[in-house]
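Single-letter residue listing:
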Amino acid sequence: MSDCLFCKIINGDIPADTIYEDDEVLAFRDIAPQAPTHFLVIPKKHYNDLGEIDADDDRLIGKIVRTGAELAAKEGLDNGYRVIFNNGPDGCQIVFHVHMHILGGRKLRGPLG
Ligand code: AMP
């Protein structure tokens, strides 16, 4: 989508600190990290939110989770990390292109909400 920030990152129109890329997914460091390690894993295909995901996307969403876990291991998050999909206005989603946050590198504060 032409007006989507993350599509612009995928297209190379906006720079990002990319840590992984293949033909389906992109992972890059969050511009405003909330933990010592904070990166996002996104599908290259545009979905506004999780409500647009259907059964055909099961493999892709699984790949996003697996990619995040593998990158977390590479980043040395051996003591754990948090995985978040903010979804919709009440979920505090700001960028309407599905994305998975991974945060770690310190003991994270809870509770979730
Ligand atoms: P969310 O509230 O889940 O929609 O979070 C969107 C995330 O995208 C926030 O953590 C932002 O800091 C992050 N973000 C926004 N713009 C950029 C950018 N240009 N590069 C990397 N991360 C970004």
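A brief report on the enclosed structure follows.

Here is what the cut-offs are and how they apply
Position labels on residues start from 1 in each chain and follow its written sequence. With the structure being a predicted model, the display of local features is reserved for residues of pLDDT at least 70 and the display and counting of side-chain atom pairs for 80 or more, all residues being used for whole-chain, interface and lining totals. Neither water nor hydrogens contribute to the side-chain values; these are computed over all heavy atoms in the structure. Grid spacing is 1 Å over the protein atoms alone, the probe is 1.4 Å, and a cavity is where that probe fits but cannot get out, while a pocket is an open set with protein on both sides within 12 Å along at least five of seven lines and lining residues have an atom within 4 Å of a point. Grid points are joined across faces, edges and corners, and a volume is the space filled by probe spheres set on the points. Strands here are runs of E lasting at least two residues and helices are runs of H or I lasting at least four, both read from the DSSP assignment and numbered beginning at the N terminus. Amino acid classes used here: Ala, Val, Leu, Ile, Met, Phe, Trp, Tyr, Cys and Pro are nonpolar; Asp, Glu, Lys and Arg are charged; the rest, including Gly, are polar. In this analysis, the expected span of each helix is defined as 1.5 Å times one less than the number of residues it contains. Accessibility here uses a 1.4 Å probe with only protein chains present; expressed as a share of the type maximum, an area under 20% marks a residue as buried, one over 50% as exposed, and anything in between as partly exposed. Contacts are residue-level and defined by heavy atoms, with any inter-residue pair within 4.5 Å sufficient. Strand pairing is defined by DSSP finding a minimum of two bridges between the two strands. Structural elements are reduced to axes, namely lines fitted to C-alpha atoms, with helices fitted over the stretch in contact, and the angle between N-to-C directions of any two is expressed from 0 to 180 degrees.

**Some words on the layout of surface pockets**
Here is step 1: Roughly 760 Å³ of internal volume is contained in the largest pocket.
Here is step 2: What lines the largest pocket is a set of 30 residues, and nearest its centre among them are Asp-30, Ala-32, Gln-34, His-38 and His-101.
Here is step 3: Breaking the lining of the largest pocket down by element, the ones donating at least two residues are α1 (5–11), β2 (25–29), β3 (37–43), β4 (81–84) and β5 (100–104).
Here is step 4: Ranked by the residues each element gives to the lining of the largest pocket, the list is headed by α1, at three residues.
Here is step 5: Broken down by class, the residue content of the lining of the largest pocket amounts to 18 nonpolar, six polar and six charged.
Here is step 6: One number sums up the size of the second largest pocket: a volume of about 150 Å³.
Here is step 7: Considering only residue class, the lining of the second largest pocket consists of three nonpolar, three polar and four charged.

**Regarding helix α2 (residues 58–74)**
Here is step 1: For α2, with 17 residues, the first-to-last C-alpha span of 24 Å sits near the 24 Å given by 1.5 Å per residue.
Here is step 2: If you check which residues of α2 are buried, you get Leu-60, Ile-61, Lys-63, Ile-64, Thr-67, Gly-68, Leu-71 and Ala-72.
Here is step 3: On the buried face of α2, the contacting elements are β1 (18–21), β2, β3, β4 and β5.
Here is step 4: At the exit of α2 stands Gly-76, carrying a positive phi of roughly 85°.

**Some details on unusual backbone geometry**
Residues other than glycine predominantly adopt negative phi, and peptide bonds predominantly adopt the trans conformation.
Here is step 1: Even without glycine at this site, Cys-92 takes up a positive phi of about 65°.
Here is step 2: Looking at the element boundaries, Cys-92 is found in the loop between β4 and β5.

**Things to note about the sheet that holds β4**
Here is step 1: Reading across from one edge, β1-β2-β3-β5-β4 is the order of the five strands in this open sheet, with antiparallel pairing throughout. Two strands in the sheet have a free side with no partner beyond their single neighbour: β1 and β4. Looking at each pair of strands side by side, their axes are set apart by 15° on average, direction ignored.
Here is step 2: The pairing of β2 with β3 spans five bridges and is classified as antiparallel. In the strand pairing of β3, Phe-28 is matched with Leu-40.
Here is step 3: In this fold α2 packs onto β1, β2, β3, β4 and β5, with an angle of close to 155° to the strand it touches most, β3.

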